[in-house]
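One-letter residues, chain by chain:
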Number of protein chains: 2
Amino acid sequence: MIYEQLINPKSIVVVGASDNILKPGGSVLHNLATGTFDKDLYVVNARGGSIQGIKAYVSIEEIPGTDLAIISVPANQCLQTVEYLAKEKGVKAFIVFSAGFSEESEDGAKLEKELVDIVNKAGAIMIGPNCSGFFNTKHQSIFTRPVPNLDPQGVDIISSSGGTITYIIESAMRIGLRFNSAWSIGNAAQVGVEDILEFLDNEFDPKSSPKIKLLYLEKIADPDRFLNHSASLIRKGCKIAAIKSGSSSSGSRAASSHTGAIASSDSAVEALFRKAGIIRCYSREELANVAAVLTLKEIKGRNLVIITQAGGPAVILTDALSKGNIDVPEMDKELAAELKGHLLPGAAVSNPIDIIGTGTGEHMAICIDFCEKRFKEIDGIAVIYGNPGVSNVAEAYEILDQKIRTCRLPIYPILPSVIAASQEMDNFVKKGHVNFTDEYALANALSKVVSWTPPSVGKMEDIKIDIPRIRNIIDNAPDGYIDSDTIRELFDAAGIPQVQELVTNDKDKAINFANKIGYPIVAKCVGPVHKSDVGGVVLNIRSDNHLALEFDRLMKIPAATEVMIQPMLSGQELFVGAKYESKYGHIVLCGLGGIFVEILKDVASGLAPLSFNEASSMIRSLRAYKIIQGTRGQKGLNEKLFTEIIVRLSILLRFATEIKEMDINPLLANEEKVIAVDARIRIEKLQVIP
Amino acid sequence: MIYEQLINPKSIVVVGASDNILKPGGSVLHNLATGTFDKDLYVVNARGGSIQGIKAYVSIEEIPGTDLAIISVPANQCLQTVEYLAKEKGVKAFIVFSAGFSEESEDGAKLEKELVDIVNKAGAIMIGPNCSGFFNTKHQSIFTRPVPNLDPQGVDIISSSGGTITYIIESAMRIGLRFNSAWSIGNAAQVGVEDILEFLDNEFDPKSSPKIKLLYLEKIADPDRFLNHSASLIRKGCKIAAIKSGSSSSGSRAASSHTGAIASSDSAVEALFRKAGIIRCYSREELANVAAVLTLKEIKGRNLVIITQAGGPAVILTDALSKGNIDVPEMDKELAAELKGHLLPGAAVSNPIDIIGTGTGEHMAICIDFCEKRFKEIDGIAVIYGNPGVSNVAEAYEILDQKIRTCRLPIYPILPSVIAASQEMDNFVKKGHVNFTDEYALANALSKVVSWTPPSVGKMEDIKIDIPRIRNIIDNAPDGYIDSDTIRELFDAAGIPQVQELVTNDKDKAINFANKIGYPIVAKCVGPVHKSDVGGVVLNIRSDNHLALEFDRLMKIPAATEVMIQPMLSGQELFVGAKYESKYGHIVLCGLGGIFVEILKDVASGLAPLSFNEASSMIRSLRAYKIIQGTRGQKGLNEKLFTEIIVRLSILLRFATEIKEMDINPLLANEEKVIAVDARIRIEKLQVIP
């Protein structure tokens, strides 16, 4: 639905243009007139005469037919203006700056709906209202400044917030990023982020289209379309990094009063981004740094060499990389000795390679070549080169420029002398390079990029699950929490391993079962609600005698009707759960059980159905992942089986959308087994049609 | 030991001066000659003639008597130069740029030692070698550039690394920090960070001395002196923020090859900083942002109001503050409605307060005044004001300048238009203000500052502990791991609560004891090393019958000699441990037990003896602190008692330095009790004299 008239208009009219460039209608005209647009530009202002040196039409009636109209008039004049332009002047694309719509009041929301109706009826498109506009290499119909360096291979940015888009662009320009297009979607009354992603996806040409997309979002109105098009773009070779703000409860309140965003849960956003393969960021500078990493050659592993002219920043960088699970491997001693021979006395070569303060660009070049050709274990090179006052920085940056172009490995330039070498840095950036001024920020961005996992949309793992049986069970289950036998059947159909158990009031049967499953066992009385409080749970029973003793005792507890026997399992508690969220479907959650989920909230989320890769990335993203992995001193858990259980559950859920919430808590895991011990499932079949 | 001749010299000689300002000897002369030094400046160069327009002496023999000498000659000429100048020309302060000493080789280390001997014999002081120099408001004897804005109320910075000091200064200048002095200590052969802190401490004048100190360190040679003087400065009203790099294992290798730093464990550094009240940072930009926060009025609580002209950054900031445990409380509805009446239509007022893009400096001023006077619950104000192209930024920044000076609350300016408003930002900063260009970075820095705890050096909590008895026990204990009875006695003397237990081979005694302490109980066989593997541990025994049954079984296990009876305690496992580290003393560690300490390494550290405040800050700094706190759904643990046990243990250790390592693992805790269940203590009395 995004038309040529927006992307490459033959004519543009600014309605509400002004001589005052501190007004949106003045500012946009200034940007257009001084930018790259070289076709017909019309200006409407009731005063007539000339505006910023351009002849002004006193009314819209007088202008010729036009492709794109920029509307900067009060909200109450928007409707008739847009209607007239669409009907009488053939305008097919509108950018509406005007505020006073749904972001302000209910009346405004009504007005906005009417505006959208008019635009839809005319078969036109509209960016806004309450937006700051749009620019690409053809025209700069945006009222904010600065308009950055335009580059058809630059970044595309889409933002819910007009101020934010500018401030992100400024953070990004400062480190050398260039832009192809910027979309400030404002209230997104008609064109939303989903439409723009769809447009970029449909128009994508692997040879000519730019590859990096940045998003700033406060809401995601249509998660399905968002997911499909972002994943599709990424599969075609794009990278997308995004801030979705409003994740804290106060932040959510702030977003709601800013763009009327209705909170989706943060776990839903995390799940969506994971499935799409979007890198999530939390600040403007982080977003810019991640984008800068993405402009460089792709890094294929997690080993970095650091070439530096100053020891301190290299130590800081090494610490920060290590925190982000990127290694700075030591260079083989013989190799290091050989390299040292080419450097100044005092140089250190173990990695970081310190060419020392008086080390020149030539020394840096020697190290880059040497590392590229001889240091087999590395995947990328970070170069720290500032201007401490005793080296020819301009020369060094020219050499660095060449090396970045020719080296087969990605080179990350850290040029910290933002003041003493600002001129040289500007020149370096003008050649098309990015620059990381702070090594810690680079490490953080790089760590996000190397942890990226590809999209996994549209796949369903080929895994044996009895779907007809699942449907049959669900169709026959009543609303509400389902009973434990039904849960057992469901899990059986999905291939989720469950603890063995027997419920009986016959002591001999209990003893036989205990011998069958093997001691130690657990016995619980069935009947009383709070079993533990009445001494109704006995752990670690190790003999027939002891079981007989406890069986009699348990049956004497008031309200006890039967005794449940289970094997005594030991292991780490894990947790898998899911909730159904409108527009998203099932958000599957996993983590360690007990306090990890209840208090520490260390939970990863993914959208059902999950692939093995996705479930695996969920597990690896847990803060407590080390416990699942194990360490030298402690055995890990069966991660593969845990992954499989998450995948199986997610497929079960995909075919049982009536399940509105559920959890398996705990799953008990050790290095061999992962077994569901207890579960709750709530079904809700009657759905209110929204 | 820092002399007036370094701080305020009457004459300076540059030995090894050059016309080439890319050489240290040329660069320092340039900085000196173009800086604030207005007394006698001599230059020595064997060529004679004039250097940078200053008459050059051909040898050091020819110069007049001098206070301070800057040495920029090859390492092998340093000794005789320094010796001659000290003896014949009365030089009392040396700054030695020359490299090729201990950082390079063992021969270099010998040379360095000789150099220090010469300086010491002459009763002089020396900064370096292998440093980039020193500057203050009187003279700029440093060869790196830029030399920043000098301000007697500016920041003092001390750094192990010459390059890093410059790059930190550049990061800091960019956001508006000013400097009083910079000390690049290089190899710190004679003057180390401890000496400089001592000097600043001794000379401190509450009226005239600057208050903010920044440190970049790769080693701490004398933790005791470092601690005493930094804590003393902080008690006098200073704030210190520091990077100690080399905390990862690769980072430690990097630091060692950079400045020959011998690793102190990261927990020792954490403990030291906690005791001193130093704010720990991890990157240059973080250090600069923390320093910038410290230049503003002190924030007295954790509630912030955000006044913004753009919604997005305010939402990002709100999320980030929430992550850092700083609140953005909602404004009372009536109050908000009143404020809204003063703002443009479309303004949002719940907090964040969004004056919208066209909101002016006047609107901002109205909000600041309103929040200061009427919004009782807040402790600070963040103002986000950029230049999206439609407001008079210069005017707004003039108003902001006034408000920062007059408002009783601290105001944090976030001016994000680093490109579009760079001129206006420069003007704002020139008035003496700092600026946070990224709201996320401000949130992070602010969170560090509000979490600051004051120094707790030299205090010993007044708490009943039987020191003579502790000494008596330790004096009579042999080297190695001490037995459980001795541990019991020690903890008893220190007032650390322990689990009750009985070890016996008499079944009746066991049953009597079980009845005394109350069922359920735990029985363990004594003798076999791996009790659990041979079924030697029985949990949750609930009756005489069951105990009798298990007692007989346990006694039949091969190697079992006795049975230990303990109450069956349930609760969260906690951990307290300590290790003795050379020069630091006892590092006390605490955390949650089990996987939290073994795998997640979620451990906080402090230096013995600990105050209640300090132990409490250790507990609060745990990532898993929420588990100790509890939440609505889960009861917390007895934090006060846990704190007390840590304090008691730390005092015990202070009087038992023979304990080289120990742990209590687990301590079992619930909302009422915290009880030591098991402990190991290793004593080592014969100490090798270093």
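Residues numbered from 1 in each chain as written. Chains lettered and ligands numbered in written order. Predicted model: local features only at pLDDT ≥ 70, side-chain atom pairs only at ≥ 80, totals over all residues. Heavy atoms only, no water.

Going by an unreviewed UniProt entry, chain A carries the name Acetate--CoA ligase family protein and comes from Dysgonomonas termitidis.

K.L.:
Sorry if this is basic, but what is going on with the domain arrangement of chain A here?
P.N.:
Accessible area lost upon the coming together of the parts serves often as the stated size of an interface. Each domain of chain A was delimited in the assignment, giving domain 1 (4-135), domain 2 (148-295), domain 3 (304-449), domain 4 (467-496 + 571-683) and domain 5 (502-567). Measuring from the centre of the C-alpha atoms in domain 2 of chain A to the corresponding centre in domain 5 of chain A gives 57 Å. (Domains from an automatic or database assignment.)

K.L.:
Mind showing me how you'd approach the sheet that holds strand S17 (residues 380-384) of chain A here?
P.N.:
Note: strands within a sheet are paired through backbone hydrogen bonds, in either parallel or antiparallel orientation. Residues and elements named next belong to chain A. The parallel open sheet is built from 4 strands, whose spatial order is S16-S15-S17-S18. In the strand order of this sheet, the two ends are held by strand S16 (353-354) and strand S18 (411-414), each with one partner. Across 2 bridges, strand S15 (residues 304-308) lies against S16 in parallel orientation. Counterpart to Ile307 in the pairing with S16 is Ile353. Helix H14 (residues 393-406) contacts S17 and S18 of the sheet and is inclined by roughly 155 degrees relative to S18. (Pairing = 2+ DSSP bridges. Helix = DSSP H or I, 4+ residues; strand = E, 2+ residues; numbered from the N terminus. Contact = heavy atoms within 4.5 Å. Axes fitted to C-alpha atoms, helices over the stretch in contact; angles between N-to-C directions.)

K.L.:
Would you take a moment to explain the packing of helix H19 (residues 507-517) of chain B against helix H20 (residues 544-556) of chain B for this structure?
P.N.:
What describes two packed helices is the angle between their axes and the distance between those same axes. Residues and elements named next belong to chain B. Interhelical geometry of H19 versus H20 gives an angle of 140 degrees and a closest axis separation of 10 Å. In terms of orientation, H19 and H20 fall into the oblique class. Note that H19 runs across H20; the crossing there is right-handed. Counted together, Lys507, Ala510, Ile511, Ala514 and Asn515 of H19 and Asp544, Leu547, Ala548, Phe551 and Asp552 of H20 form the full contact between these two elements. Looking at the contact of H19 with H20 residue by residue, the classes come out as 6 nonpolar, 1 polar and 3 charged. (Parallel < 35°, antiparallel > 145°, perpendicular 65-115°, else oblique. Left-handed = near helix turned anticlockwise from the far one by under 90°. Nonpolar A, V, L, I, M, F, W, Y, C, P; charged D, E, K, R; others polar.)

K.L.:
Teacher, can you tell me more about the interface of chain B and chain A here?
P.N.:
Taken together, the contacts link 96 residues of chain B with 97 residues of chain A. Across the interface of chain B and chain A, roughly 7,600 Å² is buried in total on both sides, 59% from carbon and sulfur atoms. Looking only at chain B, the three residues that lose the most surface to chain A are Tyr167(B), Arg253(B) and Ile599(B), adding up to 9% of its buried area. Across the contact surface, chain B and chain A share 2 salt bridges. Across the pair Arg284(A) and Glu439(B) runs a salt bridge, and its minimum N-O distance is 2.6 Å. (Buried area = accessible area lost by both parts, 1.4 Å probe. Salt bridge = Lys/Arg side-chain N within 4 Å of Asp/Glu carboxyl O.)

K.L.:
Would you take a moment to explain the relation of the copies chain B and chain A for this structure?
P.N.:
Superposition of the two copies of the chain requires a rotation about an axis together with a shift along that axis. Structural alignment of chain B on chain A gives an RMSD of 0.1 Å, achieved by rotating through 180 degrees and translating 0.0 Å along the axis. Such a combination of rotation and displacement between the chain copies is what one expects of a two-fold axis. It is His546(B) whose C-alpha, among those of chain B, lies nearest the rotation axis, at 3.6 Å. Both copies present the same face, since 100% of the interface residues in chain B are matched by interface residues at the equivalent positions in chain A. (Least-squares fit on C-alpha atoms with pLDDT ≥ 70 in both.)

K.L.:
How should I be thinking about the sheet that holds strand S5 (residues 68-71) of chain B in this particular structure?
P.N.:
Residue and element names in this part refer to chain B. If you trace the 7 strands from one edge of the open sheet to the other, you get S3-S4-S2-S1-S5-S6-S7, paired in mixed fashion. Every interior strand has two partners, whereas the edge strands, strand S3 (50-51) and strand S7 (125-127), have only one. Here strand S2 (residues 40-44) runs beside strand S4 (residues 54-57); their pairing, made up of 2 bridges, is parallel. Its bridge partner lying in S4, Val43 is registered against Ala56. The strands touched by helix H3 (residues 75-88) within the sheet are strand S1 (11-15), S5 and strand S6 (93-96), with S5 carrying the most contacts at an inclination of about 170 degrees.

K.L.:
What's the story with the pattern of salt bridges in this structure? I'm lost.
P.N.:
Opposite charge on two side chains permits them to pair, given that their charged atoms come into close proximity. All names here are of chain B. A full pass over the atoms with the stated rule returns 54 salt bridges over all chains. Two residues, Lys213 and Asp156, come together in a salt bridge whose shortest N-O distance is 2.6 Å. Note that Lys213 is positioned in strand S12 (residues 212-217) and Asp156 in strand S10 (residues 150-159), a separation of 57 residues in sequence. According to the relative accessible area criterion, Lys213 is buried, its value standing at 2%. Between Lys635 and Glu671 there is a salt bridge; the shortest N-O distance is 3.3 Å. One end of the pair, Lys635, is in the loop between helix H23 (625-629) and helix H24 (639-654); the other, Glu671, is in the loop between strand S27 (659-669) and strand S28 (674-676), and 36 residues separate them in sequence. (Buried < 20%, exposed > 50% of the residue type's maximum accessible area, 1.4 Å probe, protein only.)

K.L.:
Help me out: how do you make sense of the environment of Leu115(A) in this one?
P.N.:
Residues and elements named next belong to chain A. Mapped onto the fold, Leu115 is located in helix H4 (residues 106-121). Taking relative accessible area as the criterion, Leu115 reaches 0% and is therefore assigned buried. Each C-alpha atom, one on Leu115 and one on Lys524, is 65 Å from the other, the two residues being 409 residues apart in sequence. Setting aside anything within four residues of it in sequence, one finds Leu115 in contact with Cys78, Leu79, Val82, Phe101 and Met126.

K.L.:
Can you walk me through the nonpolar core in this structure?
P.N.:
One broad rule of soluble globular proteins: the nonpolar side chains tend to lie buried together. Formed by 108 residues in total, the largest nonpolar core has its most connected members in Phe491(A) and Phe491(B). Excluding residues that lie within four positions of it along the chain, Phe491(B) makes contacts with Ile496(B), Gln498(B), Leu652(B), Met662(B), Ile664(B), Ala676(B), Ala679(B) and Ile681(B). (Core = buried A, V, L, I, M, F, W, Y, C linked by side-chain atoms within 4.5 Å.)

K.L.:
How do you make sense of the state of the cysteines when you look at a structure like this?
P.N.:
Each disulfide consists of one covalent bond between the sulfur atoms belonging to two cysteines. Tallied over the entire structure, the rule returns 0 disulfides over all chains. Free of any disulfide, Cys371(A) has its nearest neighbouring cysteine sulfur in Cys367(A), separated by 6.3 Å. (Disulfide = S-S within 2.5 Å.)

K.L.:
How should I be thinking about the environment of Leu649(B) in this particular structure?
P.N.:
Residues and elements named next belong to chain B. Position of Leu649 among the secondary structure elements: in helix H24. Residue Leu649 is classed as buried on the basis of its relative accessible area, which comes to 0%. Considering only alpha carbons, one finds Leu649 and Gly495, 154 residues apart in sequence, at a separation of 8.7 Å. Excluding residues that lie within four positions of it along the chain, Leu649 makes contacts with Ile496, Val576 and Met662.

K.L.:
Honestly, the packing of aromatic side chains in this entry has me stumped. Any pointers?
P.N.:
The relation between two aromatic rings is expressed through the spacing of the ring centres and the mutual angle of the planes. For the structure on display, the rule yields 16 aromatic pairs over all chains. Between Tyr42(A) and Tyr57(A), the aromatic rings sit 6.1 Å apart at their centres with planes inclined by 85 degrees, giving edge-to-face as the arrangement. Residue Tyr42(A) is found in strand S2 (residues 40-44), and its partner Tyr57(A) is found in strand S4 (residues 54-57); the two are separated by 15 residues along the sequence. Side by side, Tyr42(A) and Tyr57(A) carry an identical accessibility label, which is buried. Between Phe596(A) and Phe596(B) the ring centres are 4.9 Å apart and the planes differ by 5 degrees, which places this aromatic pair in the stacked class. Taken together, the residues Phe596(A) in helix H21 (residues 595-598) and Phe596(B) in helix H21 (residues 595-598) connect one chain to another. Residue Phe596(A) is classed as buried on the basis of its relative accessible area, which comes to 4%. Put simply, the rings of Phe134(A), Trp183(A) and Phe199(A) pair up and form one aromatic cluster. Here the basic side chain of Lys55(B) rests over the ring of Tyr57(B), its NZ or CZ set 3.8 Å away from the ring centre. Its guanidinium or amino end placed over the ring of Tyr580(B), Lys660(B) lies 4.5 Å from that ring's centre, counting from NZ or CZ. (Phe/Tyr/Trp six-rings, centres within 6.5 Å; stacked < 30°, edge-to-face > 60°. Lys NZ or Arg CZ within 6 Å of the ring centre and 35° of its normal.)

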